[in-house]
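Results of the structural survey
Single-letter residue listing:
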Amino acid sequence: MQQSRTHLPFALVLSGGGARGLAHAGVIHALEHYGYYPSAIVGVSMGAIVGVTYGLNPDWYGALLHMDTTDFPEPPAPRSAALRERLRLLPTYFQAAWSLLVGWGMGQRALPYGRALLRQLTLGRELEESRIPVAAVASDLITAERVVLREGLAADALYASAALAGILPPLERDGKLLADGAYADIAPIDVARELMRGSGSLLVIAVNPHGSRSGRSPRNGLQTLMRALEVCHHQHAHVRFAEADLVLEPRFPFPIDTLDFTHKAVCVAAGIRAVRTALPRLHELLGADAVST
């Protein structure tokens with residue numbers, strides 16, 4: 001039988017990662033199982049969706065695990081290098097390129113569905129109504145600055161934090177053009193510590209669900225571009241995550257694409273395993289008054 005005990009207050013920083021970001025749900029679920037409850041959460045992109053849903057929705061875990069993602073856009077990425085497969089996908093590639101030229105991207109058609117899903121997850125509530133302090137981080141594409149959202153309709157803040165460039169339209173708000181928060185700050189540790197002021201602790205645990213780097217050699221211009229972006233992302237992440245007191249890194253049994261939500265249970269399980277692996281460090285960091293199992 002488990003007995004919950006007190007522990008030092010801590011904030012969670014939940015990074016992005018698209019579908020892999022559902023590992024955050026596993027992390028929080030496991031932390032609570034072992035008696036560790038966050039005092040504040042700062043989220044970026046999918047991390048914001050998980051963290052704010054946790055703060056606003058009493059059934060947060062079930063809502064995230066069972067959310068319907070069938071209308072989300074799928075990346076036009078062939079699993080085969082065969083010429084026939086590539087030719088078959090040419091219309092899909094053309095449609096994706098055309099949507100970028102004349103609109104905001106291939107996810108624009110799913111926009112009403114996505115916005116409705118965010119309202120459903122957050123019960124149509126405001127960020128200020130969260131049971132713990134929460135913040136969603138977005139990027140202003142006009143000024144190139146980080147924008148921290150702590151007030152207003154939660155669904156709007158989550159959309160702004162998760163709007164992937166080239167996939168979804170940015171959110172226009174207060175003269176800003178807001179898109180995925182990872183562009184400006186993949187791990188806003190300082191924001192989390194600011195939320196913790198007055199709690200008696202500035203401890204921050206960050207979760208990085210981005211997975212391992214590919215290590216594959218690019219073979220064409222597009223792969224070179226994507227690899228270059230991956231290198232930039234890795235270096236940015238290395239600097240920002242180093243500021244946390246502890247970083248949890250869920251490991252996935254196979255590569256999971258940013259937009260591939262067919263493996264939700266796998267991602268959640270990766271988050272649970274990350275907490276189990278880090279239990280000795282968690283006990284050490286948050287104090288001896290942990291949980292007994």
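Note that the structure is a prediction, hence the values are computed from the model and not measured.

Moving on, we come to the nonpolar core. Counting residues in each nonpolar core, the largest one holds 66 residues, and the members touching the most others are I205 and L282. Every residue in contact with I205, bar those within four places of it in the chain, is listed here: F10, A11, L12, V13, L246, L248, L282, L285 and L286. Formed by 19 residues, the second largest nonpolar core is a distinct cluster that contains A40, I186, L195 and A244.

A word on the packing of helix α6 (residues 111–121) against helix α7 (residues 154–162). Between α6 and α7, the shortest axis-to-axis distance is 8 Å and the interhelical angle comes to 125°. Taken together, the axes of α6 and α7 are oblique relative to one another. The two elements α6 and α7 meet at a crossing, and its hand is right-handed. Counting all contacts with α6, which are made through L111, R115, L118 and R119, the residues of α7 involved are A155, D156, L158 and Y159. Considered class by class, the residues forming the contact of α6 with α7 number 5 nonpolar, no polar and 3 charged.

A few words on the pairing of strand β2 (residues 40–44). Burial analysis of β2 places 5 of its 5 residues in the buried class, the great majority of the element. Here β2 shows a buried face lined by A40, V42 and V44 and a second buried face lined by I41 and G43. Here strand β1 (residues 10–14) pairs with β2 via 4 bridges, running parallel. For L12, the partnering residue across the bridge sits in β2 and is I41. As a crossover connection, the stretch from β1 through helix α1 (residues 23–33) into β2 is right-handed. When β2 meets strand β3 (residues 134–140), the two strands line up parallel, connected through 4 bridges.

Below, the discussion takes up the UniProt feature "short sequence motif: GXGXXG" (unreviewed entry) in the chain. In the numbering adopted here, UniProt assigns the feature "short sequence motif: GXGXXG" (unreviewed entry) to residues 16–21. In residues 16–21, the share of helix is 0% and the share of strand is 0%. The end C-alpha atoms are 6 Å apart.

Let us now look at the packing of aromatic side chains. Applying the stated criterion to the full structure yields 2 aromatic pairs. Seen from their ring centres, Y54 and W60 are 5.1 Å apart, and the 80° between their planes marks the pair as edge-to-face. Judged on exposure class, the residue Y54 and its partner W60 are both buried. Look at W60 and Y61: their rings are 5.4 Å apart centre to centre, the planes differ by 70°, and that puts the pair in the edge-to-face class. Overall, W60 belongs to the buried group, its relative accessible area being 6%.

Bringing the packing of α1 against helix α10 (residues 264–277) into the picture now. Orientation of α1 relative to α10, taken along the N-to-C sense of each, is 40°, at an axis distance of 6 Å. Classified by the angle their axes make, α1 and α10 are oblique. In this structure, α1 meets α10 at a crossing whose hand is right-handed. Contacts between α1 and α10 involve A23, A25, G26, V27, H29, A30 and L31 from the first element and C267, V268, G271, I272 and V275 from the second. Of the residues in the contact of α1 with α10, the class split is 9 nonpolar, 3 polar and no charged.

Analysis parameters
Residues numbered from 1 in each chain as written. Predicted model: local features only at pLDDT ≥ 70, side-chain atom pairs only at ≥ 80, totals over all residues. Heavy atoms only, no water. Core = buried A, V, L, I, M, F, W, Y, C linked by side-chain atoms within 4.5 Å. Buried < 20%, exposed > 50% of the residue type's maximum accessible area, 1.4 Å probe, protein only. Contact = heavy atoms within 4.5 Å. Axes fitted to C-alpha atoms, helices over the stretch in contact; angles between N-to-C directions. Helix = DSSP H or I, 4+ residues; strand = E, 2+ residues; numbered from the N terminus. Parallel < 35°, antiparallel > 145°, perpendicular 65-115°, else oblique. Left-handed = near helix turned anticlockwise from the far one by under 90°. Nonpolar A, V, L, I, M, F, W, Y, C, P; charged D, E, K, R; others polar. Pairing = 2+ DSSP bridges. Right-handed = clockwise from strand over helix to strand, strands pointing away. UniProt positions renumbered as here; feature names shortened; annotations may be inferred. Phe/Tyr/Trp six-rings, centres within 6.5 Å; stacked < 30°, edge-to-face > 60°.

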